[in-house]
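Okay, here's what each chain looks like letter by letter:
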Amino acid sequence: VIGTIGCAMFWSLRTFEPDVEMEVYPLRDLFRESPIFDRDWHSMQDIRHFLEKIPDLRVVVEENVGQILQVARLHLKEVTGGTSNGGSAALVVGNTHLFYHPLADH
């Protein structure tokens, strides 16, 4: 959880282990140069080139965008009947908080 962004994720502790791996990313950071995103998400360069052509939009995206992305890796508990999943069964879940208002400064 980050500040008062207004974004939450919930899951059943009967189904998933309590040791959840969670990351929270401000979406504005995805538009800045990053070796990780550039390597794994090639279209980010196209988005950056687009933002370079419209400086006013680039400023809004880099300075005013407050949306976030949450990513959690949930690990399944032991399967009913005593059979273990060996710790390899997991589910990756993503969640976003996207805000839009035509009169907002973003």
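Predicted model, so just to flag it, every value in this text is computed and none were measured. (Residues numbered from 1 in each chain as written. Predicted model: local features only at pLDDT ≥ 70, side-chain atom pairs only at ≥ 80, totals over all residues. Heavy atoms only, no water.)

## What about the overall build of the protein chain?
Counting its secondary structure elements, the protein chain contains 4 helices and 3 strands. Counting all 106 residues of the protein chain, 19% fall into the buried class. Summing over all exposed atoms, the protein chain offers an accessible surface of approximately 7800 Å²; the carbon and sulfur share of this is 57%. (Helix = DSSP H or I, 4+ residues; strand = E, 2+ residues; numbered from the N terminus. Buried < 20%, exposed > 50% of the residue type's maximum accessible area, 1.4 Å probe, protein only. Areas by Shrake-Rupley, 256 points an atom, 1.4 Å probe, with all protein chains shown as cover.)

## Let's talk about the sheet that holds strand S3 (residues 90-97)
One open sheet accounts for 3 strands, arranged S1-S2-S3; its pairing is antiparallel. Bordering the open sheet on either side are strand S1 (21-26) and S3, each of which pairs with just one other strand. Pairwise comparison of adjacent strand axes, ignoring direction, gives a mean angle of 15° for this sheet. Relative to strand S2 (residues 68-75), S1 runs antiparallel, the two sharing 6 bridges. Bridge pairing in S2 places Pro 26 opposite Ile 68. (Pairing = 2+ DSSP bridges. Axes fitted to C-alpha atoms, helices over the stretch in contact; angles between N-to-C directions.)

## Observations regarding a nonpolar patch on the surface
There is a patch of nonpolar side chains on the surface, built from Phe 50, Ile 54 and Leu 57 and spanning about 240 Å² of accessible area. In this structure, Leu 57 sits in helix H4 (residues 55-63). (Patch = residues over 30% accessible without salt bridge, like charges linked within 9 Å, V, L, I, M, F, W, Y side chains within 5 Å. Salt bridge = Lys/Arg side-chain N within 4 Å of Asp/Glu carboxyl O.)

## Section: the side chain of His 75
Assignment of secondary structure puts His 75 in strand S2. Looking at His 75, the relative accessible area reads 14%, which means it is buried. There is a polar contact of 2.8 Å between the side chain of His 75 and the side chain of Glu 21. (Polar contact = N/O pair within 3.5 Å; in protein donor to acceptor, adjacent residues only side chain to side chain.)

## Remarks on helix H3 (residues 43-53)
Looking only at H3, the buried set comprises Met 44, Arg 48 and Leu 51. The buried residues of H3 all sit within an arc of 60° when viewed along its axis, so they share a single face. Counted as exposed and oriented over 90 degrees from the buried face of H3: Asp 46 and Lys 53. (Arc of directions from axis to C-beta.)

## Observations regarding the pairing of S2
When S2 meets S3, the two strands line up antiparallel, connected through 8 bridges. The residue of S3 that forms the bridge with Val 71 is Gly 94.

## Things to note about the environment of Gln 67
Locating Gln 67 in the fold gives a position in the loop between H4 and S2. Spatially, the C-alpha atom of Gln 67 lies 5.7 Å from that of Leu 27, the residues being 40 residues apart in sequence.

## Here we look at the environment of Glu 21
Secondary-structure assignment places Glu 21 in strand S1. Residue classification places Glu 21 among the partly exposed residues on the basis of a relative accessible area of 43%. Excluding anything up to four places from it in sequence, Glu 21 contacts Val 71, Ala 72, Arg 73 and His 75. (Contact = heavy atoms within 4.5 Å.)

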